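# Topology and contacts: notes
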Amino acid sequence: MTDAATLPAVRPPLLKVENLKTYLHLKRGVVRAVDGVDLEVAEGETLGIVGESGSGKTMTSLSMLRLLPKPSGRIVEGSITLDGTDLVKLSEAEMARDWRGQRISMVSQDPLTSLNPVYSIGDQVGAPFRYHNLAKGRGAVRKAVEAVLARVRIPSPAKRIDDYPHQFSGGMRQRVVTAMAIACSPRLLIADEPTSALDVTIQVQMMELFRELQRDSGVGIIMITHDLGVAAGICHRVAVMYAGRVVESGDVREIFRHPVHPYTRGLLNSIPHLGRKRRRLEAIAGQPPSLIDPPKGCRFAARCPQRMARCDDYPPQFEVSTGHQAACWLAEPRP
Amino acid sequence: MVDVDASYAEIARRPSQIVMRRLFGSGIPWWSLLIFSLVVVAAIGGDNITPHDPNGLDLGSAFKPPSWLEGGSIDYLLGTDNLGRDIFSRIMAGASVTLTVAIYAIVISGGIGALIGMVSGYFGGVVDTIIMRVVDIQMSIPSLALALVIATVLSPSLTTVIVVISITYWTWYARIIRGEILSLKERDYVALAKVAGCSTATIFVRHLLPNILNTLLVLASLQVGQVIIFEASLSFLGLGIQSPDVSWGLMLADARNYIGNAWWAITLPGVAIMLTCLSANLIGDWLRDTLDPKRRQL
Amino acid sequence: MLSYILRRVMHGVVSIIGASMLIFVISRMSGDPIVLLLPVDAPQSAIDAMRETMGLDRPIWMQYLIFAGKALTGDFGNSYRWQMPALNLVLDRLPATIELALSALLFSIMLAVPLGVLSAVNRGGWIDTVGKGFAMLGQAMPGFWVGLLLILVFSVHLNWLPAFGAGGVSHIILPAIALGWYPVAAQTRIIRSAMLDVLDSDYIRMGRALGAPERLLVWKYAFRNAAVPLVTVLGVYFASMLGGAFVVEVIFAWPGLGRTVVEAVFARDFPVVQAGVLFTSVLFVVSNLLVDLSYGLIDPRIRHG
């Protein structure tokens, strides 16, 4: 891991998400899937968004790509500023032509199903070049594809370029998917549970690959995961999401050493630790609240072991230490 | 993105089903049930309730258009054919033949097919291989062609039509029931029954049959429309129902000869077929969705 | 791949042999073809002589072997009615039926593919509703009635297209629509549900996240996957066209195999019925075989499997 401390402290963020609210307008009500999220990612930085399924982490990433489920999903408030442009204000046509796949890109959840079975690797990895007119003519596209396959460390790319997905192993397919995502050298790469479908040794290789790519290109990465362990391995900073809001964020080691929010602590307790004596994993009891009619106060209160009377009011983001914030009354600075 | 988010999206995108709901009440196909009941009433009532004798000739009133057109009379609601027979009465009479054929053919082909499918699936091995090969072979002959071969052998009649359709469709049941049995066989209670020394007959009747009844009912209801069309096609060709029995297919065959003179004679019996099949199919779809959700693709 | 082809071919051969047995046995159950061939008052000696020359005195399996042996050399016997070899008659009429069936299949695909794809893309939209209504109606209307309605409208009233016989393109339009009508509904459904599955797949989402134009995504990347299930059943549909052709050819007086066989059924012209139906099955088996072999062209997983 690049030492977090060596990152220049002040630099204009590559991505700044402010007060993002993304609602799903369903028949049975409005689901506040993302309800006022603030995030920042600097160039060359990896931010982990951690949360259970349903916490809104995937909706947050889909909002950045402007690929919300149609017709129910809509960004109702907030801004997503990438390289100085507010993506929320762009038209769908602009988004598809100039942004998706070119400046902001995604590696999806399951590499095994993310490749089209009936087209060759060359065709699929070459597609982003063609969409964005970055290489013209068969020869040029082929050259570019070979180069990007080499970048993701696929052995003898020239030979494998005409192969089909089923001829690749799971780990290799994940590399191909990654190649598609970084083909046009995006500024920001969103990786949604990119390793959860792979076995552990390949997970480690993939994280290594992401790190190398980041070192070479300075791409900002958002790693979406439900697993704090994965986040610890690769991220510089993490944001923990619960019920559509960020409850705690900060430097990854800081969060691991001094978690403040009871939810974060619960998550940490449920990570199995190698080498440590077998201890019972503590799952957090209870269910997340309905996002159609969320509680007024802290959304974790119903499950919180340290619930207080004040939790009926939603806590603001308290600064715990530099860059470490938590939305919990426990973090309130004592006078 | 298998996430709660995805299932939200799933719920969001079903407006077409909502439209259907609105059309047919809360999922129950009322219109189809109504139409189908009318067909059943016409079939049961038979000649007693037809306004005219379905075969009653009256050359004086030949080619009368339906009552709502100029020259039509309220006496002949849907007009008359070239021999002055009342089309409305004939359509009602045809309902009885149509339903008779459908019920017999479905019970026979379903019964035979289900039994063979159960035997094939339960015993497996050589028996299964042979039966399934026969099914394959029969399916390699288009059903109408097979029907023609059989029709060459048997002279056309109501019974022939039923035999032909039963022979054609048993394979369909056999194949699906066999698949069902293959998975049932793996269940614990069937294995236990076997260990407990239940006879094969007991296992079939007590343990297998109740579990395939839903599937059978769904298959049968979905087949009604097909059988009706098949019967109409055979009768149209002159290889099915014969005069003086009345069949919608036969009416169309007659009407074809004077297609230029009476459009109603060629459209209305077809509309009867269409409405009956449509309502049967919708009822079948509804039964399938209600009883057997895993067969949605059928 | 070679062993796969061989296995499919073997399977096809077995099916054809089985079909020939089935057809043979059913038509022999008719009792005695002699009765049809000789006058009612023919003396017993003449009947016995005829029976011996035709081999009808032997056990049925031996009769089948004789029939099969002759059939392999192209001898299906003479048509009782036309006094010519049944095979010649069948081969003479077959091309017209294939032409009709292919046109009908083409019609149904040309209608079903856009309808199915657009229904899936605009799920719940008006085109989806129209497609569904169309499908429900389509499956409830017998092909021969559609044929009659087409004649009524386009030949009798509008006088645009000929109702009978064969000739130029104008002659094939109405019968092809009548025959291709029925499978449109099922094909639309297959394409629609396959498209829905594919559009919901990770690779399409991935394509979208990479900025693929929607049109390319739908018609190139999604459609090729969605076409696989349709192609796999094309053989079945071609066969159902062959079956349906028996009725449609009669309505439109189309000079094909179907009409010939139906006429032969009325004339109890067994050799023609046998040869005609057997050839229909052969066509069915062959078309299924070709379809099996063609998956490989669409789906590389099978090509390399």
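Everything numeric here is computed off the predicted structure, so don't read it as measured data. (Residues numbered from 1 in each chain as written. Chains lettered and ligands numbered in written order. Predicted model: local features only at pLDDT ≥ 70, side-chain atom pairs only at ≥ 80, totals over all residues.)

### Some words on the overall build of chain A
Secondary structure assignment for chain A yields ten helices and twelve strands. Radius of gyration (C-alpha) of chain A: 21 Å, near the 20 Å computed for a compact globule of 335 residues. C-alpha extents for chain A along the principal axes are approximately 70 × 50 × 40 Å. For chain A, buried positions account for 47% of its 335 residues. Within chain A, contacts between residues at least 6 apart in sequence are counted, and of these 64% link residues at least 24 apart. (Helix = DSSP H or I, 4+ residues; strand = E, 2+ residues; numbered from the N terminus. Rg over C-alpha atoms; globule rule 2.2 N^0.38 Å. Buried ≥ 20, exposed ≤ 12 C-beta atoms within 10 Å, placed from the backbone. Contact = placed C-beta atoms within 7 Å.)

### Quick word on the overall build of chain B
In terms of regular secondary structure, chain B is built from eleven helices and zero strands. Taken over 298 residues, chain B has a buried fraction of 47%. A separation of at least 24 residues holds for 69% of the contacts in chain B among residues at least 6 apart in sequence.

### Structural notes on the pairing of strand β4 (residues 73-82) of chain A
Residues and elements named next belong to chain A. Looking at chain direction, strand β1 (residues 15-26) and β4 are connected through eight bridges and run antiparallel. In the strand pairing of β4, L24 is matched with G73. Sheet topology places β4 next to strand β5 (residues 85-86); two bridges connect them, and they run antiparallel. Bridge pairing in β5 links T81 to D86. Linking β4 back to β5 in an antiparallel pair, the connection comprises two residues, with D83 at a positive phi of about 55 degrees. (Pairing = 2+ DSSP bridges.)

### Brief notes about the interface of chain B and chain C
Taken together, the contacts link 41 residues of chain B with 46 residues of chain C. Of all elements in the fold, only α2 (15-23), α5 (125-139), α6 (143-153), α9 (200-237), α10 (248-256) and α11 (263-291) of chain B reach the threshold of two or more residues within the side of chain B that touches chain C. Split into classes, the residues belonging to the side of chain B that touches chain C amount to 25 nonpolar, eleven polar and five charged. (Nonpolar A, V, L, I, M, F, W, Y, C, P; charged D, E, K, R; others polar.)

### Focus on the pairing of strand β2 (residues 29-41) of chain A
Residue and element names in this part refer to chain A. The pairing of β1 with β2 spans nine bridges and is antiparallel. For K16, the partnering residue across the bridge sits in β2 and is E40. Between β1 and β2, which pair antiparallel in sequence order, lie two residues.

### Examining unusual backbone geometry
Trans peptide bonds make up the majority, and among non-glycine residues the majority have a negative phi. One non-glycine residue, A:D83, lies in the positive phi region at around 55 degrees. Given 15 C-beta atoms within 10 Å, A:D83 falls into the partly exposed group. Positive phi outside glycine occurs at C:A253, with the angle close to 50 degrees. Relative to the elements of secondary structure, C:A253 occurs in the loop between α10 (214-251) and α11 (257-266).

### Some thoughts on the packing of helix α7 (residues 143-157) of chain C against helix α8 (residues 169-199) of chain C
All names here are of chain C. Two elements in contact, α7 and α8, have axes whose closest approach is 8 Å; the angle formed by their N-to-C orientations is 145 degrees. In the packing of α7 onto α8, the handedness of the crossing is right-handed. Residue-level contacts link G143, V146, G147, L150, I151 and F154 of α7 to L174, P175, I177, A178, L179, W181 and Y182 of α8. Residues that form the contact of α7 with α8 fall into these classes: eleven nonpolar, two polar and no charged. (Axes fitted to C-alpha atoms, helices over the stretch in contact; angles between N-to-C directions. Left-handed = near helix turned anticlockwise from the far one by under 90°.)

### Focus on the sheet that holds strand β12 (residues 324-326) of chain A
Residues and elements named next belong to chain A. Spatially, the eight strands line up as an open sheet ordered β6-β7-β8-β3-β9-β10-β12-β11, and their pairing is mixed. Two strands in the sheet have a free side with no partner beyond their single neighbour: β6 (104-107) and β11 (318-321). When the angles between neighbouring strand axes are averaged without regard to direction, this sheet yields 20 degrees. In this structure, strand β9 (residues 237-242) lies alongside strand β10 (residues 245-251), joined through six bridges in antiparallel fashion. Bridge pairing links V238 to G250 in β10.

### Section: the confidence of the model for chain B
Residue and element names in this part refer to chain B. Scored by pLDDT, chain B has a mean of 78; 88% of the residues are at 70 or more. At the low end of the mean pLDDT range in chain B sits helix α1 (residues 4-12), at 38; at the high end sits helix α4 (residues 87-123), at 89. Note that pLDDT drops below 50 for residues 1-16; the model gives that stretch 31 contacts with residues more than four away or on any other chain. Note on residues 18-25: pLDDT is under 50 here. Beyond four places in sequence and across chains, it has seven contacts. The complex model carries a pTM of 0.75, and its ipTM stands at 0.80. (pLDDT = per-residue confidence, 0-100.)

### Concerning the environment of A:S63
All names here are of chain A. Mapped onto the elements of the fold, S63 is located in helix α1 (residues 57-65). With 25 C-beta atoms counted inside 10 Å, the residue S63 sits in the buried group. Apart from residues lying up to four places away in sequence, S63 is in contact with L20, T22, V34, L68, I75 and I80.

### Observations concerning α8(C)
Residue and element names in this part refer to chain C. Over its 31 residues, α8 extends only 38 Å from the first C-alpha to the last, a length that falls short of the 45 Å expected when each residue adds 1.5 Å. Maximum bend of α8: about 40 degrees, positioned at W181, with proline P183 one to four residues after it. Counted residue by residue, α8 has 22 buried out of 31 residues, so it is predominantly covered. (Expected span 1.5 Å × (residues − 1). Bend = angle between axes of the 7 residues up to and from the residue.)

### Notes on the packing of α5(B) against helix α7 (residues 158-185) of chain B
Between two packed helices, the angle of one axis relative to the other and the distance separating the axes together describe the packing. Residues and elements named next belong to chain B. Contact pair α5 / α7: the axes reach a minimum separation of 10 Å and the direction vectors enclose 140 degrees. With respect to α7, the element α5 is oriented oblique. The interaxial crossing formed by α5 with α7 has left-handed handedness. The residues of α7 that touch α5, namely those facing I131, V135, Q138 and M139, are T171, A174 and R175. (Parallel < 35°, antiparallel > 145°, perpendicular 65-115°, else oblique.)

### Here's the deal with helix α4 (residues 60-72) of chain C
Taking 1.5 Å of rise per residue, 13 residues should cover 18 Å, and α4(C) covers 18 Å from first to last C-alpha, within 8% of that figure. Downstream of α4(C) by a residue or two, C:G74 has a phi angle that is positive, lying close to 90 degrees.

### Some words on the environment of A:S185
As for its placement among the helices and strands, A:S185 is situated in the loop between α6 (170-182) and β7 (188-192). For the pair formed by A:S185 and A:G218, sequence separation is 33 residues and the distance between their alpha carbons is 9.7 Å.

### Remarks on the confidence of the model for chain A
Residue and element names in this part refer to chain A. Within chain A, residue pLDDT values average 84, and 91% of them lie at 70 or more. The spread of mean pLDDT over the elements of chain A runs between helix α8 (residues 228-234), the lowest at 81, and β9, the highest at 92. Confidence drops under pLDDT 50 across residues 1-5; counting only partners more than four residues distant or on other chains, this segment forms three contacts.

### Topic: the sheet that holds β1(A)
Residue and element names in this part refer to chain A. Strand order in the open sheet formed by four strands is β2-β1-β4-β5, with antiparallel pairing between adjacent strands. Edge positions in the sheet fall to β2 and β5, since each of these pairs with one other strand and no more. With respect to the sheet, α1 is in contact with β1, β2 and β4, its orientation differing from that of β2 by roughly 75 degrees.

### Looking at the environment of A:T22
All names here are of chain A. You can see T22 is positioned in strand β1. Residue T22 is classed as buried on the basis of its 26 C-beta neighbours within 10 Å. Taking the C-alpha atoms as reference points, T22 and V76, 54 residues apart in sequence, are found 5.7 Å from one another.

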